[in-house]
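This is what each chain is made of:
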Amino acid sequence: MDHLRSLSFLRSTLMMASRALSSSSSSSSVSAAKGKLSSLFAHPLRSSSQILKLPRELAAGASPPPPKPALSAGAEARARLIAFVEKRCKTGDFAVDEALRHFDRMISVRPAPPTWSFRVLLGALAKKKHYSAVISLRRKLELAGLLSDCFVLNILLNCFCNERRVNDAFAVLGSIFRRGHCPTVVTYNQLVKGLCLKHKIGEGVALFKKMARLGCRANVVTFGILISGLCQTGNTSTALELLEEMLTSNGEHSVVCKPNIVCYGAIIDGLCKDGLLEEASKLFMEMKGGGISPNLVVYNSLICGLCCGDGKVDEARELLAHVLNKGFLVTTVSYNVLINGYCNQGSMEEAMNVYKKMIDNGVKPTKVTFGSLMLGFFRKGNLKAAWDLFHMLQQDGLAPDVVTYSIMINGLCRQGQLEEANELFVKMEDNGCTPNVVTFNTLMHAFLSKA
């Protein structure tokens, strides 16, 4: 009897609980609880395979990893720009138009890329000598607020100097001062270089002397730029004084740097061009004694000095052989100087031997090479050899220029072949090569002399 009462009590309790849960579920917007309760009573013997199994991580109590957020269109564009700067710009593997397009995107994307990315892009353009391209961005840089960055200003100043726009470069220097930046020795070096490129060597020397008063000590690069500028403008003696100051370290500029290959090379070249071959050779030996190994530029200066100065072409040839034995990759410059030296001496057989050696060593002749040989053969009266070389030039894929045509026309006129010279003149114009004053004067003089 007690057992029946217990079953009756349990049944009534379950019914009351079911009504209470049903009432609570109807007053709430959530119906999941009701579904679970009804399924519990409707399928009391559901198999374990039908029960939803939780992932192992949840069963163990660990939270699942958050989903990887997708990049927005702006973030993707910004990432592509940064990748271009970090990879392509640093390796120099880009076209100027491509870099300019990326620059326009960089100043328009939000949030803006970091300032260093602009520095890298502009620096890469300047390194590839696209100076005018960097200058063309000046206004955009200003609107983007990037002209307050000292590094960007120095890049712009460098481009102005290399474009010989020195006044604009000094205007950028003023901007550097106004923005509270302190110009470095690199800044002044570029300005000295710009003045030297404009052949304003006096102003370059004045700025060089002023650097110390401005609290910026000149370095070996400064001296190299100024010495090169002095030698290129015929002031080799002043360059030698600067070199002596560097060696003794007791000059007015309190120099603490020793000359390098650039300093020595510029003065050796200047001495050779001035015909002072003995002084150049002495300085060459002094440089080697100081532990500085000559480079190909220095050797080329000496070869040129030997060929053009005292006509010591055989010594120049020996020096070229020494350079080849040293393992230098000799360029057309060295061979052309030697060929021209032999042609000026009338030693055409030796000139052709150097020409053949040049080809054997895998160095491709240029228009200068053919021009020297043609001129040399005309001087010897060998018209056929000159014509053969003229045709060889074109067979090598080189288009004759105004100098090449003028050499041929002059040679034909000197041989009295005015009709052939006139035909070549017409062909020259038909091939789109505009004659110059030398060409016209040669033909006019020849026809007037015949008349």
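Here the structure is shown first, and the text comes after it.
Here goes a summary of the coordinates provided. The structure presented is a predicted model; accordingly, all values stated were derived computationally and were not measured.

1. Remarks on the environment of H322
If you trace the backbone, H322 turns up in helix α18 (residues 313–325). The spatial distance from the C-alpha of H322 to the C-alpha of Y299 is 9.8 Å, given a sequence separation of 23 residues.

2. So, the side chain of T369
Its location among the elements puts T369 in helix α21 (residues 367–379). For T369, the side chain forms a polar contact with the side chain of N336, separated by 2.5 Å. Aside from chain neighbours lying at most four places away, what touches T369 is N336, I339, Y355 and M358.

3. Here we look at the packing of helix α9 (residues 150–162) against helix α11 (residues 185–197)
The geometry of a pair of packed helices is captured by two quantities: the angle between their axes and the separation between those axes. Where α9 meets α11, the closest approach of the two axes is 8 Å, and the angle between their N-to-C directions is 15 degrees. Of the possible angle classes, the one that applies to α9 and α11 is roughly parallel. Crossing of α9 against α11: the hand is left-handed. Between α9 and α11, the contacting residues are N154, L157, N158, C161 and N162 on the first element and T187, Q190, L191, K193, G194 and L197 on the second. Of the residues that constitute the contact of α9 with α11, the class distribution is four nonpolar, six polar and one charged.

4. Overview of the packing of helix α12 (residues 201–213) against helix α13 (residues 220–232)
Contact pair α12 / α13: the axes reach a minimum separation of 10 Å and the direction vectors enclose 160 degrees. Considering their axes alone, α12 and α13 lie roughly antiparallel with respect to each other. Relative to α13, α12 is oriented so that their crossing is left-handed. Together, I201, G204, V205, F208 and M211 of α12 and T222, F223, L226, G229 and L230 of α13 make up the contact between the two elements.

5. Regarding the pattern of salt bridges
What the rule picks out here adds up to seven salt bridges. Of the charged contacts, one joins D149 and R119 as a salt bridge, the two residues approaching to 2.6 Å between their closest N and O atoms. Of this pair, D149 sits in the loop between α8 (138–143) and α9 while R119 sits in helix α6 (residues 115–127); the two residues are 30 residues apart in sequence, bridging distant segments of the chain. Among the residues examined, D149 registers a relative accessible area of 12% and is labelled buried. Judged by relative accessible area, which is 31%, R119 ranks as partly exposed.

6. Some details on a nonpolar patch on the surface
A contiguous nonpolar patch, built from F440, M444 and L448 and spanning about 330 Å² of accessible area, is present on the exposed surface. Mapped onto the elements, F440 comes out in helix α25 (residues 437–450). On the basis of relative accessibility, which here comes to 38%, the residue F440 falls in the partly exposed class.

7. Points about the side chain of N154
With respect to the helices and strands, N154 occurs in helix α9. Contacts of N154, omitting those with residues within four sequence positions, involve I176 and T187.

8. Observations concerning unusual backbone geometry
Phi at K129 takes a positive value of approximately 65 degrees, unusual for a residue other than glycine. When you line up the elements, K129 lands in the loop between α6 and α7 (131–136).

9. Quick look at the state of the cysteines
Structurally, a disulfide amounts to a covalent bond that connects the sulfur atoms of two cysteines. Within this structure, the stated rule accounts for zero disulfides. Of all cysteine sulfurs, the one in C308 lies closest to C307, which takes part in no disulfide; the gap is 6.0 Å. The exposure class assigned to C307 is buried, which follows from its relative accessible area of 8%.

Rules and cut-offs
Residues numbered from 1 in each chain as written. Predicted model: local features only at pLDDT ≥ 70, side-chain atom pairs only at ≥ 80, totals over all residues. Heavy atoms only, no water. Helix = DSSP H or I, 4+ residues; strand = E, 2+ residues; numbered from the N terminus. Polar contact = N/O pair within 3.5 Å; in protein donor to acceptor, adjacent residues only side chain to side chain. Contact = heavy atoms within 4.5 Å. Axes fitted to C-alpha atoms, helices over the stretch in contact; angles between N-to-C directions. Parallel < 35°, antiparallel > 145°, perpendicular 65-115°, else oblique. Left-handed = near helix turned anticlockwise from the far one by under 90°. Nonpolar A, V, L, I, M, F, W, Y, C, P; charged D, E, K, R; others polar. Salt bridge = Lys/Arg side-chain N within 4 Å of Asp/Glu carboxyl O. Buried < 20%, exposed > 50% of the residue type's maximum accessible area, 1.4 Å probe, protein only. Patch = residues over 30% accessible without salt bridge, like charges linked within 9 Å, V, L, I, M, F, W, Y side chains within 5 Å. Areas by Shrake-Rupley, 256 points an atom, 1.4 Å probe, with all protein chains shown as cover. Disulfide = S-S within 2.5 Å.

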